[in-house]
Amino acid sequence: MTRPRIFETITGLRADVEAARRAGRRIAMVPTMGALHEGHLSLVRTAQARADLVIVSIFVNPTQFAPNEDFDAYPRDNDCDIAKLAALGVDAVFLPTVGEMYPKGFATGITVGGPSQDLESVTRPHFFNGVALVVTKLLLAALPDLAIFGEKDYQQLCVIRQFVRDLNIPIEIDGAPTVREADGLAMSSRNRYLSARDREQAALLPAVLRETLQALDAGTTVADALDRGRRRLSDGGFAVDYLELRAADTLAPVDNATRDMRLLVAARLGATRLIDNMGWSRPS
Ligand code: AMP
């Protein structure tokens, strides 16, 4: 097991990547906020299957947290994360400080549109601009051939595809499927905030997504299937932010012509906010 090369500066990372590129190696990046779980590690394995050199970044990005959110409390465990990445044979880990990413005098922002509207943006209006800024900076720091993001954060994946296309960033963006616990709950660094009782109840979230897709398969109207799903979640103790069916590519509202769709949910159990999603195609 070789320890990955660790870089804390953009200059150091660039020099390493440039040497690999000159040697003709294909480079993949997996951006994360750390507290790594099997979901993150599946992205790493996907990256390893598609590239010769894999860089994982670990950076809890302050610009995507609102002042009332959990930036300070967000779980951080670099030693444990690096051990997990070493066990997978990851080549390089980028671990910048906040000062490296946003030095004194930093004054630039990115405003995203399109798929960033609605859904997450209703409760977290600051979120996708912060994600766009940090992902752009990470991609430009490493300049990989491709970067892998999880479908777990489906709206985020759509937003990233949109701004990478709009800004002509010459990097391929790939999505990877959601990794779930045995009871169906999507893995998330924030699941550890759940009390034992809430953790058991949390499995209702993916169960309701599956039930809603089954109802749609059986010919229930979209409005009725969503109403029933929202009610099931509220009855199960969730405060529902949204349960919506959207076009899979643009996240625009669906109509009878929309073929590929995504069912997306955000709901709170106590103080913990969970998100999840699943795909659905209209039977032909
Ligand atoms: P995060 O550290 O939460 O910012 O996530 C880093 C990357 O891992 C993002 O692309 C997420 O979508 C992805 N990810 C998080 N949880 C999962 C999961 N359960 N399955 C697959 N990918 C995930």
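For the structure, see preceding data.
Here is a short report on the structure shown in this document. (Residues numbered from 1 in each chain as written. Predicted model: local features only at pLDDT ≥ 70, side-chain atom pairs only at ≥ 80, totals over all residues. Heavy atoms only, no water.)

## With respect to the side chain of D70
Here's step 1: Positionally, D70 belongs in the loop between strand 3 (53-58) and helix 3 (78-88).
Here's step 2: On the accessibility criterion, D70 (18% relative accessible area) is buried.
Here's step 3: For D70, the side chain forms a polar contact with the side chain of Y193, separated by 3.0 Å. (Helix = DSSP H or I, 4+ residues; strand = E, 2+ residues; numbered from the N terminus. Buried < 20%, exposed > 50% of the residue type's maximum accessible area, 1.4 Å probe, protein only. Polar contact = N/O pair within 3.5 Å; in protein donor to acceptor, adjacent residues only side chain to side chain.)

## A closer look at the sheet that holds strand 6 (residues 172-176)
Here's step 1: Taken together, 6 strands build an open sheet; the order of strands is 1-4-3-2-5-6 and the sheet is parallel. The open sheet has two free edges, formed respectively by strand 1 (5-7) and strand 6, since each of these has just one partner strand. Pairwise comparison of adjacent strand axes, ignoring direction, gives a mean angle of 25° for this sheet.
Here's step 2: The pairing of strand 2 (residues 27-32) with strand 3 spans 6 bridges and is classified as parallel. Following the sheet pairing, M29 is matched in strand 3 by I55.
Here's step 3: Sitting on the sheet, helix 7 (residues 154-166) touches strand 5 (146-150) and strand 6, and the angle it makes with strand 6 is about 170°. (Pairing = 2+ DSSP bridges. Axes fitted to C-alpha atoms, helices over the stretch in contact; angles between N-to-C directions. Contact = heavy atoms within 4.5 Å.)

## So, the packing of aromatic side chains
Here's step 1: Under the defined criterion, the tally for this structure stands at 5 aromatic pairs.
Here's step 2: When the centroid spacing of 5.1 Å and the interplanar angle of 80° are considered together, the rings of Y102 and F106 count as edge-to-face.
Here's step 3: On the accessibility criterion, Y102 (13% relative accessible area) is buried.
Here's step 4: Residue classification places F106 among the partly exposed residues on the basis of a relative accessible area of 32%.
Here's step 5: Between F127 and F128, the aromatic rings sit 4.9 Å apart at their centres with planes inclined by 65°, giving edge-to-face as the arrangement. (Phe/Tyr/Trp six-rings, centres within 6.5 Å; stacked < 30°, edge-to-face > 60°.)

## Observations regarding the environment of L119
Here's step 1: Here L119 is to be found in the loop between helix 4 (98-101) and helix 5 (120-123).
Here's step 2: When its relative accessible area of 5% is taken as the criterion, L119 is described as buried.
Here's step 3: Taking the C-alpha atoms as reference points, L119 and P4, 115 residues apart in sequence, are found 37 Å from one another.
Here's step 4: Ignoring anything within four residues of it in the chain, the contact list for L119 reads Q155, Y242, E244, R246, L251 and L264.

## Points about the pairing of strand 9 (residues 272-281)
Here's step 1: Relative to strand 9, strand 8 (residues 260-269) is paired through 10 bridges, and the arrangement is antiparallel. Paired with A267 across the bridge in strand 9 is L274.
Here's step 2: Between strand 8 and strand 9, which pair antiparallel and follow one another directly, the connecting turn spans 2 residues, one of which, G270, has a positive phi of 60°.

Structural measurements only, silent on function.
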